[in-house]
Every structure is written in structure tokens, then in C-alpha cells.
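Residue-level listing of the chains:
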Amino acid sequence: IKGDPANGFFTQTLNKDIGCIAPDSITELPGLGLVFLSNRSIYLLEGALENTGSITSVVNLGTEIPNQLERINSSAAIRASAAVYQRDKEYWLSIPIDGSSKNNMCLIYHYEVGSWSVRFDFPIFPIDCMVTSKDHRGYLFFGSNDAENSNQAGLLVYSRGYDTKGSESVLPKYETVSNDYQSVFSTFRPAYVMPYVVGYGNNNISV
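Residue numbers here run from 1 along each chain, matching the order of that chain's written sequence. Since the coordinates come from a predicted model, pLDDT governs what is reported: local features require at least 70, and pairs of side-chain atoms require 80 or more to be given and counted, while whole-chain, interface and lining totals use all residues. Where side-chain values are given, they derive from all heavy atoms of the structure, hydrogens and water being excluded.

Asks: Residue-level account of the overall build of the chain, with values.
Replies: Along the chain, the regular secondary structure elements total 1 helix and 14 strands. Each residue gets one of three labels from its accessible area relative to the maximum for its type: buried under 20%, exposed over 50%, partly exposed in between, using a 1.4 Å probe on protein chains only. Residues counted as buried form 37% of the 207 residues belonging to the chain. The long-range share in the chain, meaning contacts at least 24 apart out of those at least 6 apart in sequence, stands at 40%. For the chain, the exposed surface amounts to about 12900 Å²; the carbon and sulfur share of it is 50%. Under the DSSP-based scheme used, a helix requires at least four consecutive residues in state H or I and a strand at least two consecutive residues in state E, with every element numbered from the N terminus. Any two residues whose heavy atoms approach within 4.5 Å at even a single point are treated as in contact. Values of accessible area rely on a 1.4 Å probe in the Shrake-Rupley scheme; residue burial ignores everything except the protein chains shown.

Asks: Quick rundown of the sheet that holds strand β4 (residues 33-37)? Include the residues and the values.
Replies: Spatially, 4 strands are ordered β3-β4-β5-β6 in an open sheet, and the strand pairing comes out antiparallel. The open sheet terminates on both sides in strands that have one partner only, identified here as β3 (27-29) and β6 (57-60). Averaged over all adjacent pairs, the angle separating strand axes in this sheet is 35°, with direction ignored. Any two strands are treated as partners once DSSP identifies two or more bridges connecting them. As defined by bridge partners, strand β5 (residues 42-46) adjoins β6 across 4 bridges and the pair is classed as antiparallel. Each residue of the ladder has a partner; that of Tyr-43, found in β6, is Asn-60. To obtain each axis, a line is fitted to C-alpha atoms, and for helices this fit is confined to the stretch in contact; angles are then taken between N-to-C directions over 0 to 180 degrees.

Asks: Lay out the sheet that holds strand β11 (residues 127-132) in plain terms, naming residues and giving numbers.
Replies: Read across the sheet, 3 strands follow the order β11-β12-β13 without closing on themselves; strand pairing throughout is antiparallel. Edge strands, defined here as strands with exactly one partner in the open sheet, are β11 and β13 (154-157). Strand-to-strand twist of the sheet, defined as the mean angle between neighbouring strand axes without regard to direction, takes the value 25°. Pairing of strand β12 (residues 140-144) with β13 involves 4 bridges; the strand directions are antiparallel.

Asks: Describe the environment of Trp-92, listing the residues and the values that go with them.
Replies: Locating Trp-92 in the fold gives a position in strand β8 (residues 90-95). Taking the relative accessible area as the measure of exposure, Trp-92 reaches 0% and is therefore buried. In this structure, the C-alpha to C-alpha distance between Trp-92 and Ile-108, residues 16 residues apart in sequence, is 4.8 Å.

All quantities given are derived from atomic positions and should not be read as evidence of function.
This is the structure in C-alpha cells:
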């Protein structure tokens with residue numbers, strides 16, 4: 001939508017090939033633009049925010065994770081849900097994969113780094129909806145409709161560790177997807193690893 005109150009408003013088509021298939025996936029990335037899930041990939045509508053000085057355009061953010069995006073159940077993709085967890089500078093996108101009718105995997109975009117993580121072993125699934133609190137704490141709340149595990153159903157808040165700090169590892173664990181070691185990189189051996197982490201309490205961090 002372009003225009004102003006004095007001259008009126010009008011619609012302007014940016015792209016006829018890319019659209020949003022999950023309204024709850026639309027979220028504003030601070031200082032970047034609006035991110036959303038399409039039937040092809042995950043896109044960023046940049047230049048649509050005020051005073052950015054950028055030309056309005058659509059950027060493909062999902063080029064690093066084609067194998068994960070191929071697994072999305074398109075018939076249930078409208079249930080995908082997203083939120084921005086500003087404490088860790090992350091965009092969370094919960095999606096249904098492998099024929100599931102519920103969201104059963106989380107894609108995490110670290111928007112300050114420009115890279116993706118994927119969480120398969122997140123302890124609470126499915127995440128059917130999520131929102132962050134608007135106060136200084138910025139908690140991430142999400143709703144789960146898991147009918148199989150009664151203690152995992154209802155309204156929950158994201159926590160980074162166990163009650164017994166120091167005796168268990170911190171959850172969730174990130175699994176990078178920048179290089180898919182099951183395809184052409186099957187014989188690839190990394191020479192260096194640079195972790196981007198935040199430590200709390202007396203938990204050890206190991207790679």
C-alpha cells in the first residue's frame with residue numbers, strides 16, 4: 001500500500017510469483033523488514049519499514065535450507081506460526097513436515113548473523129502458536145496442542161536450561177544446516193568451528 005493521507009492510498013504489486021501461504025508466519029525483523037513463508041521458500045520483504053532508505057524488494061532467506069523446506073507439508077502449511085525472540089536475536093518458524101498435520105519442527109533464523117539453525121529435538125511439540133511479551137523480559141510464550149503428552153499441552157514459556165544447573169546440558173541444542181553433510185558434503189571435514197553462544201549460570205559449553 002503506497003500513498004499518504006493527503007493524496008490518498010493505492011495498491012502496488014511488487015511480485016506476482018511470490019505470496020504468503022501462512023498468515024501467522026508474517027513477522028517484523030528489527031531493522032530488516034517483514035519475513036513470511038511462501039510456497040517456495042521463506043522471504044523477507046525489505047524496504048517496507050519507515051525511514052530505512054531501502055528500495056522495497058523481496059529477498060529469499062531460505063537458500064541455505066532447501067532440504068528442510070522441501071519437507072513442509074503444503075496442505076497444512078497454513079498452520080505455520082512464527083515470532084521474533086529478541087533476547088537471542090532469533091526468528092522462530094514452527095512448521096509441519098513429513099506429512100504431519102501439526103507443526104513438528106522449528107526453523108530458527110539468527111537475523112544478526114544471517115544464518116539458520118533447525119531444532120528437531122525441541123522438548124515441546126507441536127508449537128501451534130507463539131507470541132513474545134512486550135515488556136523488558138521479552139519472554140516467548142507458545143501454545144501446544146499435544147494430545148499424546150498431557151504435561152506438554154497448554155500454554156508454555158521458553159526456558160534455556162534445566163532446574164539442576166551444572167548437572168545437565170542446556171536445551172535446546174542447535175544443529176547447523178549451512179552445510180548438509182548427507183549430500184555433496186558427505187566427505188567434507190570442517191577445519192574450524194566458530195560457535196556463537198550465550199552462557200548462563202554454571203553450565204559448561206562444549207563442541
